[in-house]
Amino acid sequence: MFTRRNSALIALAAAVPLGLAACGGSSGSGSAPAAPAAPAATSSSSAPTSSSSSSSSAPTKSSSSSSSSAPTSSGTAGGSAVASQVFGGGCALVPKDGKGSFNGMATDPVATAASNNPLLKTLVAAVTQAGLGDTLNSAPAITVFAPTDDAFAKIPKDTLTKVMGDKATLTKILTNHVISGKLSPTQIAGDHKTLAGTTITVKGSGTDFTVGKDSAKVLCGNVPTANATVYIIDSVLLP
């Protein structure tokens, strides 16, 4: 009896380690897939991080360096090109930047461009009074002789006030300053029919011109706008 109990205990003692070993083996085989899973997660998370870092830095460099510098260079070159076309001592009085500058005027139709130029306030007021703004802005290609504020100041004040109140007379005077075609300095000399139906004569050459019967002097010439070439003059051209 004793011998049988001892034999059973010995058998049980031998079976316990085998069971534990079996449990340990089962646990080991379950953890085997988990071990590669950790590197896989690390690998998969690090790839987007690298990709995100790479893709975000490329546009930043492109937009800040190359694309922003291009318009600046182009704008500067455009302004220099426009300024190099004009001539005359009066050009120094035109603003250097802004909508009233040569570069600013070049992008607007003529009546709008003139409204931004501080030398032409009285002319703009007269054009507005006569209702000619849209007519001038929509003309396909014209040349405008634009009297300065000082040019209008030469007219007696009461006479100017009377003319500004007479739309028909004002329209006749203003259209006497407009001719067809965008004429360059090499084309401007000679006789030209105005939109008023009159003929004006331009004399001179190079950068020295006078206009009309009273020899109004061109102060600043060959000023481009979107639809016109402007010659700023020192006197009003009366029909």
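For clarity, every value in this text was computed on a predicted model and none was experimentally measured. (Residues numbered from 1 in each chain as written. Predicted model: local features only at pLDDT ≥ 70, side-chain atom pairs only at ≥ 80, totals over all residues. Heavy atoms only, no water.)

A. Up close: unusual backbone geometry. A positive phi is found at serine 215, a non-glycine position, where the angle reads about 55 degrees. Relative to the helices and strands, serine 215 is located in the loop between strand 5 (208-211) and strand 6 (216-224). (Helix = DSSP H or I, 4+ residues; strand = E, 2+ residues; numbered from the N terminus.)

B. Region of the structure containing the state of the cysteines. The final tally for this structure, using the stated rule, is one disulfide. At a sulfur-sulfur separation of 2.1 Å, the disulfide partner of cysteine 91 is cysteine 220. Sign of the S-S torsion, about 100 degrees for the bond between cysteine 91 and cysteine 220, identifies this disulfide as right-handed. With cysteine 91 in the loop between helix 1 (2-85) and helix 2 (102-105) and cysteine 220 in strand 6, this pair connects stretches of sequence that are 129 residues apart. Residue cysteine 91 shares its accessibility class with cysteine 220, and that shared class is buried. (Disulfide = S-S within 2.5 Å. Buried < 20%, exposed > 50% of the residue type's maximum accessible area, 1.4 Å probe, protein only.)

C. Spatial organisation of the sheet that holds strand 2 (residues 178-180). Taken in spatial order, the seven strands make up an open sheet running 2-1-7-6-5-4-3, and their pairing is mixed. Here the strands that pair on one side only, and so sit at the sheet edges, are strand 2 and strand 3 (190-193). Put simply, the sheet's adjacent strands are angled 30 degrees from each other on average, direction ignored. As defined by bridge partners, strand 5 adjoins strand 6 across two bridges and the pair is classed as antiparallel. Across the sheet, residue threonine 210 finds its bridge partner in strand 6, namely lysine 217. (Pairing = 2+ DSSP bridges. Axes fitted to C-alpha atoms, helices over the stretch in contact; angles between N-to-C directions.)

D. Inspection of the pairing of strand 1 (residues 142-147) at higher detail. Taking burial as the measure, the six residues of strand 1 include six buried ones, the bulk of the element. Residue alternation in strand 1 divides its side chains into two sets, Ile142, Val144 and Ala146 and Thr143, Phe145 and Pro147, and both sets are buried.

E. Structural view of the environment of proline 140. Structurally, the position occupied by proline 140 is in the loop between helix 5 (133-138) and strand 1. Measuring from C-alpha to C-alpha, the distance between proline 140 and alanine 226 comes to 9.3 Å, with 86 residues separating the pair along the chain.

F. Representation of the packing of helix 4 (residues 121-130) against helix 8 (residues 167-175). The interhelical angle for the contact between helix 4 and helix 8, taken along N-to-C directions, is 130 degrees, at an axis separation of 9 Å. Taken together, the axis directions place helix 4 and helix 8 in an arrangement best described as oblique. In this structure, helix 4 meets helix 8 at a crossing whose hand is left-handed. Counted together, Leu123, Ala126, Val127, Gln129 and Ala130 of helix 4 and Lys167, Leu170, Thr171 and Leu174 of helix 8 form the full contact between these two elements. Of the residues that constitute the contact of helix 4 with helix 8, the class distribution is six nonpolar, two polar and one charged. (Parallel < 35°, antiparallel > 145°, perpendicular 65-115°, else oblique. Left-handed = near helix turned anticlockwise from the far one by under 90°. Contact = heavy atoms within 4.5 Å. Nonpolar A, V, L, I, M, F, W, Y, C, P; charged D, E, K, R; others polar.)

G. Just the environment of lysine 154, in detail. One can find lysine 154 in the loop between helix 6 (149-153) and helix 7 (157-164). Since its relative accessible area comes to 54%, lysine 154 is described here as exposed. In this structure the C-alpha to C-alpha distance between lysine 154 and valine 236, which are 82 residues apart in sequence, comes to 8.5 Å. Sequence-distant contacts of lysine 154, that is, excluding residues within four places in its chain, are made with Asp234 and Ser235. A polar contact of 3.1 Å, which involves the side chain of lysine 154, links it to the side chain of serine 235. (Polar contact = N/O pair within 3.5 Å; in protein donor to acceptor, adjacent residues only side chain to side chain.)

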